[in-house]
Every structure is written in structure tokens, then in C-alpha cells.
Amino acid sequence: MEWLQINYNYLLVIVLLMIGLWAMIGKNNLVKKCIGMCIFQNAIIMFFISMGAKAGSTIPILNYTKVNGVKTYFTEASMYANPLTQILMLTAIVVGVATLGMALTLVQKIYSEYGTCEEDEILKKIG
Amino acid sequence: MEQQYPVLIVIIPMFTAMVLTLAGWFKPAVCQPLAVVGLLGSFLSAVATLTKVSAGGVISYRLGGWEPPFGIEYRVDGLNALVLVMVSLVALLVAIFARKPVEKELGNKISNFYTLFVLLVTGLLGMTITGDAFNLYVLLEIAALTSYALLAMGRGRAYMATFNYVILGTIGACFYLFGVGLLLIKTGSLNMVDIGSILPQLAGSQTVLIAFGFLMAGVWIKMALFPFHGWLPNAYTYAPTATSCLVAPLMTKVSVYIMLRIMFTVYSADWIFNVIQWKPVVMILAVVAILMGSFFALAQRDIKRMLTYLIVAEIGYMVGGAWTGTTAGLTGTIYHIMADGLMTVCLFMVIGSVVYRKGKANFESFKDAFQSMPWTMSALIIGGLSMIGVPPTCGFFSKWYLISGAYQSSDYAFIVALLISSLVNAILFIRIVETAFFSATPSEIPDPHSHHEVDYADSPVSMLIPMWVSALALIAMGLYTGEIVTRWIQPILPGGLI
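Report follows, based on the coordinates. These numbers come from a predicted model, not from an experiment. (Residues numbered from 1 in each chain as written. Chains lettered and ligands numbered in written order. Predicted model: local features only at pLDDT ≥ 70, side-chain atom pairs only at ≥ 80, totals over all residues. Heavy atoms only, no water.)

## Focus on the packing of aromatic side chains
Stated precisely, the cut-off is as follows: A pair of Phe, Tyr and Trp rings is counted when the ring centres sit within 6.5 Å of each other, with Trp represented by its six-membered ring. The angle between the planes then sorts it: under 30 degrees is stacked, over 60 is edge-to-face, the rest tilted.
Tallied over the full model, the rule gives 26 aromatic pairs over all chains. Each member of the aromatic cluster is reached from another via a ring pair, and the members are Y10, F40, F47 and F48 of chain A together with F175, F178 and F214 of chain B.

Shown next as C-alpha cells:
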């Protein structure tokens, strides 16, 4: 139980990953597959962000508090959340958006060609 | 200048792509020559890097001057350098080859095509050269996104086939990223060599094992190893000629290279073959991949589709060779990455030429092809011999190393699969060559008095030259096998193999 209190974020990520994977593989509608893909990618983004997060930490920009006019800088590294994972995910978000855009463009092209987004109907039309 | 060669390999095509986008607005006709020039620059840088590596060992290039585990490092050893030369050479040849087919098939999308083409090559070269696990993911996605767009330009079922590839490719890339995340939690590093130096202390960790599982699953989906091969044949068959010439030889081979990197640089041969016992399962996958690929290829009427199934079989060769855990097997795999890249591009160019002349590539279109397209068909014979594994072409030597590796580690099923696959390849190519040579029925035997002439209509010279360069490269590579193996491959083989 104690393990769950500390690591519940990973459990959540795994649940999201499974939802996304199921939607991508099991769903018949192509748009739903795209939604699954989005969930899948965002689960991984959450995984990275939550691994770098800390309770009570702040963004990794040199910061200070002002008490009675005296500036005290946070120089302890432990006061900041891990910036590396956030930087990585900034790139991953861009990649995710591009992939989703690509997938939706294809769905639109498929719809204009076959008049449906249901995979089984498309396969029937292809023959 | 000299120490900038590693980064130039990637930077030149990247900026060429930007220039191409602009040039395409004003004058689409200059796009192809510009792309060729850019890829030529990249190829020359790759060759310069290869000679530097063979003289002075590993090159470590710091992007932006940041020290390696903190900044991104470009790390070139003999393995990368060879794959870089192969990728940039194949890309250059296809760029020259592409001129006519692209004009014919993609009339108004010429500039888009070459921009995506050069960006795809950027992604592939970057994946090969980088020493940073996350940088690899980004470049993997660049290569993947551009290849989706290129494949979707095709005809018929191309949209649906590409959509399936988008879904599976994303699953593969995300699995890879998840594996990298798990390693980041455990080691706090993204530099592959750095992770490799930390991992031995974590040999018993479950997280490290699961990370390996995700990384492998990711690259196996990307390289279309059985049972993840479903997306490949459709996506490559319906693609435009020039796209399949580029994507089919390179995408899967670079994925195999990444698998080798993960196995032997990030993890170690000792951990893979002594600590975890995955070898039997992976060998079964490789054997089934070879057999399934070969038998499905036998069943195809469309020659391009047949070749896509042969790619699935070839992936089985390389995965099996790497997982035998012997130096000979790994040598065969590394050698086969180069050899297979060249012979696949040779054969796809031949098929592309036939499609260009006759509209499609089934057995019908090969009728009398020897009279009408003698040069193209001769290149087909060289490529076919290499695929079957006849000396002195390079296909023979890679099979030789793979089989001797499998013999040392007693993987007899793998040897049998390799031999069956060679036989099937022989049947396939003899069938094509027979159609091309002897298809005339008795009544059609040319009467010396009548003027029954088959029109001479060989491929244009711009298509024949790259085709023949790749065909001759197959023979040259076969003749210099000893040189390549002792000079570049042997120094980089990791310790801990049989």
C-alpha cells in the first residue's frame, strides 16, 4: 500500500497506455484509433513528466524569496523539478502533434475516397 | 573543417531540404539536381568520416561543444561509419534514379517529394550517427513522419496501408521512448555509452530488463520482424516507385542497426546471452520470419509485392545472426546490413524501371523483357544472384558468415531456414528470368524472314546508371569482403561473444 502511495503515477500511466493501445488495435473506427494514439502518446509524456516531478519543488529557473527586503536565492538543486524530462517532453509533444496531424490527414483522405471511416466497411470496399 | 565531417553528414541534407522547399515555390525543375547535390555532399562527408575512423578509431563529436553525457554526442565507430556510407550512397543513387519516375507519377508534387525525400535521409543518417538515446527517438520520428507522407503519395490502397503503418509505427516509437524513460529513471543518463557504463552495476534490476523488452519490441515493430510485419508489404507495394526504392532498403536496415546499438553498446553481450535467456525465443521469431517471408513471396504474382516479402525474410536473417551470440553471426549481420541495403535498392530500381516502361510489374510485363530492356534485365540477374547467394556477389559472403555463426552456436533450425530461403529465392528469380528470356511460345519464334522485332525500349540512362552502380557495388563488395571485415567490422565486435 505504501508503494502505491509513492508510485501511483506509474500505475496511472500504465492504465492510460493500455487504454490507448486497446483503442489503436481494437477499435474499428479510424478516428477512434487516432484518439487512442493521442492517449498513448500523452501517457508516455505524463510518465516522463511525473518521473521528474517532486513535491514542493519549483520550476527550474533561478528563483528567490524576499523577506524584509533581503533576497534569498534557491541555490539547492533539490528545490527544483528535474528540467531534463520537461525539455525532452517538449520535443515529444511536437512529435505527437505532427503524428496526429498526419494520421488525421490520412483519415480525411480515406473518408473522401471510400465515404466511411469504419475499417471493416473500407476493407469490404477494397475487396 | 576536417573535424566537422560527422555533423556535415546530417546538416547538409537538412539545409538542402529547407532550400528545396523555397526553390519548389519558384522552379520545381531545379529540385532534383539540388537534392542530388545535397546528398552527394552528405555522401562525401560520410566517406571522409569512414577513412578517418579507419585511421584513428572512434570519433566523438560534441554538438554545441557540450561535454558528453550532458550534451548530445555524435559518436562514430566502424559500425556507424559503414552504415552511414551505405545509407548516403543508396540515397544518392535513388535521388538520381528518381527523376523520371517522379515526373511521371507525381507530376505536380515534385518539390514536395524531394523535400520529404531529403528530410527522410536526414532522419536516417541522424539515427545512425547519434550517440544519444533521446536524440535517436526524435530523428526516428522525423524519418517516420516523412516516410508516411512519401508512402501516402502512392496509388490505390496507399492511404489505408499508410494509416496502418502510422498506427504501428507510433506504437513502435512510443515503446522505444518508454524503454528510454525506464533507463533514464535507473541510470539518469541518455548517452548510450554512458548508460552502457552504468548498467553493469544494475545487472539484476527488473526495471532494466523491462526497459530492454520495450526497446526491443519498439525496434522490432519498426523493422517489421515477424509477427510485427503486417504493415510492411501493403505500405511498400502501393507506394510510388521512387519512394519504395528509398524506403524499402533503408528504413528496416537502420532499425537493425539500432537494435545492434541497443544490444551491444547500451546493454552488453554478456548480459544478453548469459543473464537473460531470450535467445531461443528470438531465434524462433527469426526462423519463422525467414520461412514466412519466403513462402509468402512465392505466392505473389506482383513482383514488387514479392520483393517486400523478401525484405521480411531478410530481417529474419539479420536478427537471427545478431542473436546467435557468435562473432561470425554478428559479422554476418553487420555485413548483411550493407549488402542487403545495396541489393534491395538494385532490385527495387529494376522493378521501378519495368513499372516505368510497362505500367506494372507482374509476370506478364516481364515477357520478352530481355529483348526490350537488356541492361535492366542484366542488373536484375546480378541482384538476383546476390539475393540467392552466389559468389562472387556479396549475398554469398553474408550468408556464409551467418551460417558459420549459427553452426558455432548450434542453431541448426536457423541454418535450415537460411538454406530454404536461398532455394526459394532461386526459384523466384529463375521464374522471372525464364519469363524474360524464353517467354515466346513456339508460334512466336522469330522467323528469320519476317520482321518480328521486339521494340528496344530500355530504361532511360538516368535510371540505368544508378541501377548499374548498385549492381556493380554488389560484386565489388563481394570481392573486397575480406578487406571490409578485417578493417572495419572486426575491430568493433564487442567482447563476450563466442
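## Remarks on helix α15 (residues 327–358) of chain B
Residue and element names in this part refer to chain B. For clarity, the cut-off: Helix and strand labels come from DSSP, where a helix needs a run of H or I of at least four residues and a strand needs a run of E of at least two; each type is numbered from the N terminus. Residue count minus one, scaled by 1.5 Å, sets the expected span of a helix. The bend reported for a residue corresponds to the angle between axes fitted to the seven residues ending at that residue and the seven starting there.
Its 32 residues give α15 an end-to-end C-alpha distance of 45 Å, which sits within 8% of 46 Å, the value for a rise of 1.5 Å per residue. Largest kink in α15: about 30°, centred on H336. Two residues or fewer past α15, G359 is found with a positive phi of approximately 95°.

## Section: the pattern of salt bridges
Counted only if it meets this: Salt-bridge detection follows one rule: a side-chain nitrogen of Lys or Arg within 4 Å of a carboxyl oxygen of Asp or Glu. Each residue is placed in one exposure class: buried if its accessible area under a 1.4 Å probe, protein chains only, is under 20% of its type's maximum, exposed if it is over 50%, and partly exposed if it falls in between.
For the structure on display, the rule yields 7 salt bridges over all chains. K33 of chain A serves as the salt-bridge partner of E119 of chain A, at 3.2 Å between the closest nitrogen and oxygen. Taken together, the residues span a long stretch of sequence, with E119 of chain A in helix α4 (residues 119–126) and K33 of chain A in helix α2 (residues 30–52) at a distance of 86 residues. Take E119 of chain A and K33 of chain A: they sit in the same class, and that class is buried. In this structure, R75 of chain B engages E73 of chain B in a salt bridge whose closest nitrogen and oxygen atoms are separated by 3.2 Å. The exposure class assigned to R75 of chain B is partly exposed, which follows from its relative accessible area of 28%.

## Some details on the interface of chain B and chain A
Much of the literature gives interface size as the accessible area that the parts lose upon coming together. Defined as follows: Any pair of residues with heavy atoms lying within 4.5 Å of one another is described as a contacting pair. Accessible area, probed at 1.4 Å, shrinks when two parts are joined; the buried area is that loss added up over both. Polar contact criterion, stated in full: a pair of N or O atoms within 3.5 Å, where within protein one must be able to donate a hydrogen and the other to accept it, and residues adjacent in sequence count only if both atoms are side-chain atoms.
Across the boundary between the two partners, chain B contributes 29 residues, which contact 36 residues of chain A. Across the chain B/chain A interface, buried area totals approximately 2800 Å², and carbon plus sulfur atoms make up 87% of it. For the pair chain B and chain A, the number of links is 0 salt bridges. Across the contact surface, chain B and chain A share 0 residue pairs in polar contact (both at pLDDT 80 or more). Contributions of two or more residues to the side of chain B that touches chain A are made by α6 (133–152) and α7 (158–187) of chain B. Looking at the side of chain B that touches chain A, the element that brings in the most residues is α7 of chain B, giving 18 residues.

## A short note on unusual backbone geometry
At the junction of F226 of chain B and P227 of chain B, the peptide bond is cis and its omega measures out at 0° in the coordinates. Summarising the element assignment, P227 of chain B is placed in the loop between α9 (206–223) and α10 (231–237). The backbone of N68 of chain A shows a phi angle near 55°, a positive value even though the residue is not glycine. Considering the arrangement of structural elements, one finds N68 of chain A in the loop between β1 (64–67) and β2 (70–73). According to the relative accessible area criterion, N68 of chain A is exposed, its value standing at 78%. Even without being glycine, A224 of chain B reaches a positive phi, approximately 65°.

## A word on the packing of helix α1 (residues 5–26) of chain B against helix α2 (residues 31–56) of chain B
If you want to describe how two helices pack, look at the angle between their axes and the distance between the axes. All names here are of chain B. For the record, the criterion: Axis definition: a line fitted to C-alpha atoms, over the contacting stretch in the case of helices. Angles run 0 to 180 degrees between N-to-C directions. Should an angle lie under 35 degrees it is considered roughly parallel, over 145 roughly antiparallel, and from 65 to 115 roughly perpendicular; all remaining angles are considered oblique.
Running from N to C, α1 and α2 cross one another at 175°; their axes reach a closest spacing of 8 Å. Here α1 is positioned roughly antiparallel relative to α2, judged by the angle of their axes. Together, Y5, P6, L8, I9, I12, P13, T16, V19, L20, A23 and G24 of α1 and C31, L34, A35, G38, G41, S42, S45, A46, A48 and T49 of α2 make up the contact between the two elements.

## Brief notes about the nonpolar core
Residue and element names in this part refer to chain B. Condition: Grouping buried Ala, Val, Leu, Ile, Met, Phe, Trp, Tyr and Cys residues that are joined through side-chain atoms within 4.5 Å yields what is termed a nonpolar core.
Core analysis: the largest hydrophobic core is formed by 231 residues, its most contacted members being F113, F212, W220, Y236, M259, Y267 and W323. If one sorts the elements of this core by residue count, α15 sits on top with 18 residues. Contacts of W220, omitting those with residues within four sequence positions, involve L225, F228, M259, V282, L285, V319 and W323.

## Here's the deal with empty space enclosed by the protein
Residues and elements named next belong to chain B. Convention followed: Whether a set of points on the 1 Å grid over the protein atoms alone is a cavity depends on a 1.4 Å probe fitting there but being unable to get out, while an open set qualifies as a pocket with protein on both sides within 12 Å along at least five of seven lines; lining residues are those with an atom within 4 Å of a point. Grid points are joined across faces, edges and corners, and a volume is the space filled by probe spheres set on the points. Throughout this entry, Asp, Glu, Lys and Arg are counted as charged residues, while Ala, Val, Leu, Ile, Met, Phe, Trp, Tyr, Cys and Pro are counted as nonpolar. The remaining residues, Gly among them, count as polar.
For the structure on display, the rule yields 5 cavities of 30 Å³ or more. By volume, the largest cavity is sized at about 60 Å³. Secondary structure elements with two or more residues in the lining of the largest cavity: α7, α8 (192–198) and α11 (241–266). Among the elements that make up the lining of the largest cavity, the one with the highest residue count is α7 (3 residues). Along the lines of polarity and charge, the residues of the lining of the largest cavity split into 9 nonpolar, no polar and no charged.

## A closer look at the pairing of strand β1 (residues 59–62) of chain B
Residue and element names in this part refer to chain B. Put simply, the rule is: When DSSP finds two or more bridges between two strands, those strands count as paired.
The two faces of β1 differ: I59 and Y61 on one face are buried, but S60 and R62 on the other face are not. Where β1 meets strand β2 (residues 73–76), 4 bridges bridge the pair, whose relative direction is antiparallel. The residue of β2 that forms the bridge with I59 is V76.

## Some remarks on a nonpolar patch on the surface
Residue and element names in this part refer to chain A. We count it as follows: Note that patches include only residues with greater than 30% relative accessible area and no salt bridge, and the join distances are 9 Å for like charges and 5 Å for nonpolar side chains (Val, Leu, Ile, Met, Phe, Trp, Tyr). Residue exposure ignores everything except the shown protein chains as possible cover, and the areas themselves are Shrake-Rupley values with a 1.4 Å probe.
Residues L62, Y64 and Y73 make up a contiguous nonpolar surface patch of roughly 330 Å² in combined accessible area. With respect to the element layout, Y64 can be found in strand β1. On the accessibility criterion, Y64 (37% relative accessible area) is partly exposed.

## Description of the packing of α11 of chain B against α15 of chain B
Residues and elements named next belong to chain B. Two elements in contact, α11 and α15, have axes whose closest approach is 8 Å; the angle formed by their N-to-C orientations is 170°. Taken together, α11 and α15 sit at an angle that is classed as roughly antiparallel. Across the interface between the two elements, T241, S244, C245, A248, P249, K253, V256, Y257, L260 and F264 from α11 touch L330, T333, I334, I337, D340, G341, T344, V345, F348, M349, G352 and V355 from α15. Classifying every residue of the contact of α11 with α15 by side-chain character gives 14 nonpolar, 6 polar and 2 charged.

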